[in-house]
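Structure at a glance
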Amino acid sequence: MPCYAIDFGTSNSLLSYVADNGAITPVPLDLNSSKVLRSLLYTPRQHTWFFGNEAINEYVSNDGEGRFLRSIKKFLPEPSYIGTTIHNQNLNISDLVAVFLGEMRRRANEFTGMNVESVVLGRPALYSLEKEHDALAEGRMRKAAEQAGFKEIRFCPEPVAAGLDYTTNSKEERIVLIADFGGGTSDFTLMKAHAGDYSQEDILGLSGVFLAGDALDGVMMKDFIAPHFGSQFQYKLPGSSNVLSFPRGLLKKMCSPAHITHLREKDTWEFLQHIGKFALSEADERHIAHLYALVENQLGFPLFNEIEKTKVRLGKIEATEFDYQALGVSIQQPVANTGFRSSVTSTVDEIMSTMNGVFTQSGLTPASVAQVVLTGGTSQFPLIRERLSETFGADKLREHNIYESVVNGLARFARR
């Protein structure tokens, strides 16, 4: 039966059509005929949704009214995430993902002229290190796919799919490491590449962690940008001699591209408005006013978009300036490459430590690896490249279909 292969990513999503005869056709999902649909949702009013680049355009034209959602994949393994209220309607994480998958399926059906009800979905090597949370995330994805109209649903780990895409034309047997650095996760598969069909025995090691591009952006936000939004805010309540600081839990939300919109939730917003009355300095008053503008005008997406651009610039030059001007917000913050690299070192260390899990599982060493195949946009980050070069040697690093290898491999998995 015909099938769709879907790479639902934290930042970008793609879909390919696998026909009965095995032919694979990438489906253009964005309105500009691009195969890549950015994983963005925007709803200005009830029963009206926009997706991808169109979501950004509509969000801007509506002056930020409504709800703008990004990185929703990150909520899948969180047991505490019970959902959010949008236009007075309670939506859980499966509901939100179903809206996006349903639109992908609708556009694909329109393109193929078929009513496809079978799907192979990519999933991270691990949604979570906790088995219960990992199972919860896959269950939520399955429910979302069912709500989107799919009746036959199968899963394939994303780094395995990337490996299938890379090794399709392999002539000789060798050990390869597939390193998939995306927006939300960094995934690793150690496998034997060879000619012919593949089996489970060819997978020698599999590991992953929910740290990638979004986490690097979050570090820049925390260490360089968040002080302009009150992360160091201090206040003293009436009748108390205790000096209180900005809550760590709210700082964590502020520094997450996925969670920053939650600062708008009723209880949180009322708390922020309350403590702002008791600022201890003019600087604190100015910074909390920036935060109010950020929350009221829903500037989370454009703010992190500028942070990502700053991160990319730092990969090419020694220093730059984060310059952000918006409604009620004016920030010019110098960012030096050396300072940023120091800030993200612990995050990159954790990613590299996770990678080493495939060698613990297999009993092999990095010296056994003939090639390291890089995919995903965050694989371009210089510090990650340097650490991989130190471990394996720069001559072993290969780029392969940075954005399309996973969906290509999922389609091959579906065909088999």
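To be clear, the structure that these remarks concern was listed above.
Residues numbered from 1 in each chain as written. Predicted model: local features only at pLDDT ≥ 70, side-chain atom pairs only at ≥ 80, totals over all residues. Heavy atoms only, no water.

A look at the sheet that holds strand E6 (residues 48–51)
A sheet is described by the order of its strands in space; here three strands give the open sequence E6-E5-E7, paired in antiparallel fashion. Across the chains shown, the open sheet's two edge strands, defined by having one partner strand only, are E6 and strand E7 (67–70). In this sheet, adjacent strand axes meet at a mean angle of 20° when their direction is disregarded. Where strand E5 (residues 40–45) lies against E7, four bridges are found, and the strand directions are antiparallel. In the sheet register, Thr43 faces E7, and the bridge partner there is Arg67. Sitting on the sheet, helix H2 (residues 93–112) is in contact with E5, E6 and E7, with an inclination near 70° to E6. (Pairing = 2+ DSSP bridges. Helix = DSSP H or I, 4+ residues; strand = E, 2+ residues; numbered from the N terminus. Axes fitted to C-alpha atoms, helices over the stretch in contact; angles between N-to-C directions. Contact = heavy atoms within 4.5 Å.)

Description of the environment of Ile260
You can see Ile260 is positioned in the loop between helix H6 (248–254) and helix H7 (266–275). Residue class for Ile260 comes out buried when judged on its relative accessible area of 7%. Here the alpha-carbon distance between Ile260 and Ser80, two residues 180 residues apart in the chain, equals 16 Å. If near-sequence neighbours (up to four positions away) are discounted, Ile260 is found in contact with Lys253, Met254, Leu294, Gly300 and Phe304. (Buried < 20%, exposed > 50% of the residue type's maximum accessible area, 1.4 Å probe, protein only.)

Focus on helix H12 (residues 382–392)
For H12, the complete set of buried residues consists of Leu383, Ile384, Leu388 and Phe392. Down the axis of H12, the buried set is contained in an arc of 150°. They therefore lie on one face. Next to the buried residues of H12 lie strand E12 (174–181), helix H10 (337–355), helix H11 (357–362), strand E19 (371–375) and strand E20 (397–399). Looking one or two places after H12, you find Gly393, whose phi comes out positive at around 100°. (Arc of directions from axis to C-beta.)

Digging into the pattern of salt bridges
Applying the stated rule across the entire model yields 17 salt bridges. With a shortest N-O distance of 2.6 Å, Arg123 and Asp134 are connected by a salt bridge. Taken together, the positions of Arg123 in strand E10 (residues 118–123) and Asp134 in helix H3 (residues 131–147) put the pair eleven residues apart, joining distant regions of the chain. A salt bridge links Arg341 to Glu386; the nearest nitrogen and oxygen atoms lie 2.6 Å apart. You can see Arg341 sitting in helix H10 and its partner Glu386 sitting in helix H12, a full 45 residues away along the chain. A single network of salt bridges, built from pairs that share partners, joins Glu103, Arg106, Arg107 and Glu110. (Salt bridge = Lys/Arg side-chain N within 4 Å of Asp/Glu carboxyl O.)

Thoughts on H10
Thr345 marks where H10 bends most, by close to 45°. All of the buried residues along H10 are Asn337, Phe340, Ser343, Val344, Thr347, Val348, Ile351, Met352, Thr354 and Met355. (Bend = angle between axes of the 7 residues up to and from the residue.)

A short note on the packing of aromatic side chains
Under the definition given, this model contains 16 aromatic pairs. Aromatic side chains Tyr4 and Tyr17 sit 6.0 Å apart centroid to centroid with 65° between the ring planes, which places their arrangement in the edge-to-face category. Note that Tyr4 is positioned in strand E1 (residues 3–8) and Tyr17 in strand E2 (residues 12–18), a separation of 13 residues in sequence. The exposure classification of Tyr4 matches that of Tyr17, with both residues buried. The interplanar angle of 25° and the centroid separation of 6.3 Å between the aromatic rings of Phe322 and Tyr324 together place this pair among those described as stacked. Here Phe322 matches Tyr324 in class, with each residue buried. Among the aromatic residues, those joined into a cluster by ring pairs are Tyr42, Phe50, Tyr59, Phe68 and Phe301. (Phe/Tyr/Trp six-rings, centres within 6.5 Å; stacked < 30°, edge-to-face > 60°.)

Details of the sheet that holds E12
One open sheet accounts for five strands, arranged E14-E13-E12-E19-E20; its pairing is mixed. Edge positions in the sheet fall to strand E14 (203–209) and E20, since each of these pairs with one other strand and no more. On average, each strand axis in the sheet is inclined to that of its neighbour by 20°, with strand direction left out of account. Across eight bridges, the pairing between E12 and strand E13 (residues 186–193) is antiparallel.

Quick word on the pairing of E12
In terms of residue burial, E12 counts as a mostly covered element, since eight of its eight residues are buried. On E12, burial covers both faces: Arg174, Val176, Ile178 and Asp180 on one face and Ile175, Leu177, Ala179 and Phe181 on the other are all buried. Count of turn residues in the E12/E13 antiparallel hairpin: four residues. With five bridges joining them, E12 and E19 adopt parallel strand pairing. Pairing of Ile178 across the sheet is with Val373, part of E19.

A few points about the pairing of E2
Within E2, six of the seven residues are buried, leaving the element largely enclosed by the surrounding structure. In the sheet, E1 pairs with E2 via six bridges, with the strands oriented antiparallel. Looking across to E2, one finds that Phe8 is bridged to Ser13. Hairpin remark: E1 followed by E2, antiparallel, with three residues in the connecting loop.

Concerning the nonpolar core
Nonpolar side chains in soluble globular proteins generally cluster together in the buried interior. With 64 residues, the main nonpolar core has Phe229 and Leu291 as its most contacted residues. Top contributing element to this core by residue count: helix H5 (residues 213–225), with seven residues. What Leu291 contacts, discounting residues up to four positions off in sequence, is Phe229, Phe246, Met254, Leu263 and Leu272. (Core = buried A, V, L, I, M, F, W, Y, C linked by side-chain atoms within 4.5 Å.)

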